[in-house]
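Summary of the model geometry
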Amino acid sequence: MAGFSGIIGHEQIIEHLQNAIRLNKVSHAYILDGEEGSGKMLLASAFAQTLQCEKGGTEACGTCHSCIQAESLNQPDIIRVTHEKPNSIGVDDIRDQLCGDILIRPYSSPWKIYIVDEAEKMTVQAQNALLKTIEEPPAYGIILLLTENSQSFLPTILSRCVTLKLRPVKEELIRKYLMEELHVPDYQADVCASFARGNVGKAKRLAQSEHFAELRDEVIHLMRHLRDMEIYEVTEAVREAVKYKEDIDDYLDLMALWYRDVLLFKATRQIDGLVFSDEINYISAQAAKSSYEGLEHILNALEKAKTRLKANVSFELTIELLMLTIKEN
Ligand SMILES: [Zn+2]
């Protein structure tokens, strides 16, 4: 389903856009601001499809000629601006595909809609070219700028666009989506949903990644046994961790989730809400053995390890120190 109803979360943005359609107050320029995977393109596509739908409602019908074209990315009046260079959208890209093209009336629909993905990559010249169009758009013209950082736009662009900031989607909604739509098992959905921090795209990617599943199993194994390990086993574990050097942030975040679970269980005695609820035997045993202070200490050590790695302190040294801190607390 490509309309608004297929989108997980973002209720306020959808309501805003649907109200604009209903009240006939659609703006000529919007900025959708959100991190990668957060759903900007889904929202923009649903908005464009709905605006062009032949039924003219606040939700795309999905069956008219325009909707069918839109869903297969062939609607001639929904234009996705592309760029040659991977890291920049130049003035020629914007002039050729947007500023010039928008002057030609729509082919078959009420609107002519331009979607500029990764719009933060527009050069200053490209933004200035776009600005002229945004200042005096044709009545049928709509420009949707998708960005991970709206602060990269010129203030003059910002002041002429309606900015819609994507918020994190509720973990429970993501969890439900992963289980019901993607048939991800519950224990896996729990980890992916909380790990994605409200980013549906990321949750989906994690749930479908064998690599992430392997990483998660590795961390669970370590977390179960780390505190009972002999020193030589810790050294061994550090060597194992080197394999995950590329994903060390995820590795450390998974460890932090584990100790947050231990802390939460210690405080509440509730299994509900734990990320690693199927590890409850280990979690409850560790909660019984640890002090609040010790757990706090571990969570701080995890943060510190991240900072050290960013500052290029030796990987092995940092991880070993971290593991020993965990063992002692
Ligand atoms: Zn339709």
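What you see is a predicted model; the values in this text were computed from it and never measured. (Residues numbered from 1 in each chain as written. Predicted model: local features only at pLDDT ≥ 70, side-chain atom pairs only at ≥ 80, totals over all residues. Heavy atoms only, no water.)

1. Re the overall build of the chain
For clarity, the cut-off: What counts as a helix is a DSSP run of H or I of at least four residues, what counts as a strand is a run of E of at least two, and both are numbered from the N terminus. Residue exposure (1.4 Å probe, protein chains only): buried if accessible area is under 20% of the type maximum, exposed if over 50%, otherwise partly exposed. Between two residues, a contact is recorded if the distance between any of their heavy atoms is within 4.5 Å. Using the Shrake-Rupley algorithm and a 1.4 Å probe, accessible areas are obtained, with residue cover drawn only from the displayed protein chains. His is not counted, nor are the chain ends, whereas Lys and Arg count as positive and Asp and Glu as negative. All charge positions are set by atom: Lys at NZ, Arg at CZ, Asp at CG, Glu at CD.
When its secondary structure is counted, the chain shows 15 helices and five strands. Dimensions of the chain, computed from C-alpha atoms along their principal axes, come out at roughly 75 × 40 × 30 Å. Taking all 329 residues of the chain together, 50% fall into the buried category. Long-range contacts, defined here as pairs at least 24 residues apart, represent 71% of the contacts in the chain between residues at least 6 apart. A total of about 17000 Å² of accessible surface is found on the chain, and carbon and sulfur atoms cover 50% of it. Looking at the chain, you have 36 positive and 50 negative side-chain charges, and the mean spots of the two groups are 4 Å apart.

2. A short note on the coordination of the zinc ion
Operational definition: Donor atoms: N, O and S within 2.8 Å of the metal, or within 3.2 Å for Na, K and Ca. Because water is excluded, sites can look incomplete. In these descriptions, tetrahedral denotes four donors with every angle between 85 and 135 degrees, square planar four donors and octahedral six donors with opposite donors over 155 degrees apart and the rest between 65 and 115, and irregular any other case.
For the zinc ion, the protein coordination sphere consists of Cys53 (SG), Cys61 (SG), Cys64 (SG) and Cys67 (SG), at 2.3 Å. Geometry at the zinc ion is tetrahedral, judged from the four donor atoms that bind it and their angles of 103 to 117° at the metal. All donors of the zinc ion belong to a single chain; written as a sequence motif, their spacing is C-x7-C-x2-C-x2-C. Residue cysteine 53 is located in the loop between helix H2 (40-52) and helix H3 (65-71), and its partner cysteine 64 is located in the loop between H2 and H3; the two are separated by 11 residues in the primary sequence.

3. Some thoughts on the sheet that holds strand E4 (residues 141-147)
Our working rule: When DSSP finds two or more bridges between two strands, those strands count as paired. Fitted lines through C-alpha atoms serve as axes, helices being fitted only where they are in contact, and the angles separating the N-to-C directions of these axes extend from 0 to 180 degrees.
Pairing is parallel in the open sheet, where five strands are placed in the order E2-E3-E4-E1-E5. Edge positions in the sheet fall to strand E2 (78-81) and strand E5 (162-165), since each has one partner strand and no second. Across the sheet, the mean angle from the axis of one strand to that of its neighbour is 20°, orientation sign disregarded. The pairing of strand E1 (residues 29-33) with E5 spans four bridges and is classified as parallel. The partner of isoleucine 31 across the bridge, within E5, is threonine 163.

4. Remarks on a negative patch on the surface
Selection criterion: Note that patches include only residues with greater than 30% relative accessible area and no salt bridge, and the join distances are 9 Å for like charges and 5 Å for nonpolar side chains (Val, Leu, Ile, Met, Phe, Trp, Tyr). For this document, the term salt bridge refers to a Lys or Arg side-chain nitrogen within 4 Å of an Asp or Glu carboxyl oxygen.
On the surface, a cluster of negative charge is contributed by Glu35, Glu36, Asp117 and Glu148. By secondary structure assignment, the location of glutamate 35 is in the loop between E1 and H2. Overall, glutamate 35 belongs to the partly exposed group, its relative accessible area being 45%.

5. Observations concerning the pairing of strand E3 (residues 112-116)
Across the five residues of E3, five count as buried, placing the element largely inside the fold. Side chains Lys112, Tyr114 and Val116 of E3 all project onto a buried face; the interleaved residues Ile113 and Ile115 project onto the opposite face, where all are buried too. Bridge count between E2 and E3: four bridges; the pairing is parallel. Residue pairing across strands places isoleucine 79 opposite tyrosine 114, the latter belonging to E3. In this sheet, E4 lies alongside E3 in parallel orientation, the contact comprising five bridges. Considered in E4, the bridge of tyrosine 114 is made with isoleucine 143.

6. Quick look at the nonpolar core
Note the following rule: To qualify as a nonpolar core, a set must consist of buried Ala, Val, Leu, Ile, Met, Phe, Trp, Tyr and Cys residues joined through side-chain atoms within 4.5 Å.
Counting 59 residues, the largest nonpolar core has Tyr251, Leu252, Met255, Tyr259 and Met323 as its most contacted members. If you tally residues by element for this core, the top one is helix H12 (residues 248-268), at 12 residues. Tyrosine 251 has contacts with Leu215, Glu218, Val219, Leu222, Ala241, Tyr244 and Met323, leaving out every residue within four places of it along the chain.

7. Side note on the domain arrangement of the chain
Going by this rule: Each domain's extent was defined by an automatic or database domain assignment.
Entries for the chain in the domain assignment read domain 1 (3-165) and domain 2 (209-328). Computed from C-alpha coordinates alone, the two centres of domain 1 and domain 2 are separated by 43 Å.

8. Regarding the packing of aromatic side chains
Basically, it comes down to this: To pair, rings of Phe, Tyr and Trp, with the six-membered ring standing in for Trp, must have centres within 6.5 Å; the planes then decide the type, stacked if under 30 degrees apart, edge-to-face if over 60, and tilted in the middle.
The full count for this structure, using the stated rule, is four aromatic pairs. Ring centres of tyrosine 30 and phenylalanine 47 lie 5.3 Å apart, and the angle between their planes is 85°; this geometry places the pair in the edge-to-face category. In this pair, tyrosine 30 sits in strand E1 while phenylalanine 47 sits in helix H2, placing the two residues 17 residues apart along the sequence. Residue classification places phenylalanine 47 among the buried residues on the basis of a relative accessible area of 2%. Ring geometry for phenylalanine 195 against phenylalanine 212: centres 5.1 Å apart, planes inclined by 45°, an arrangement best described as tilted.

9. Describing the pattern of salt bridges
Summed over all chains, the structure comprises 11 salt bridges. Between glutamate 279 and arginine 224 there is a salt bridge, and its shortest N-O distance comes to 2.8 Å. One end of the pair, glutamate 279, is in the loop between H12 and helix H13 (280-289); the other, arginine 224, is in helix H10 (residues 210-225), and 55 residues separate them in sequence. In this structure arginine 224 comes out as partly exposed when scored by relative accessible area, which is 27%. Glutamate 240 is the partner of lysine 243 in a salt bridge, and the nearest nitrogen-oxygen pair spans 3.3 Å. Judged by relative accessible area, glutamate 240 falls into the partly exposed class, the value being 29%.

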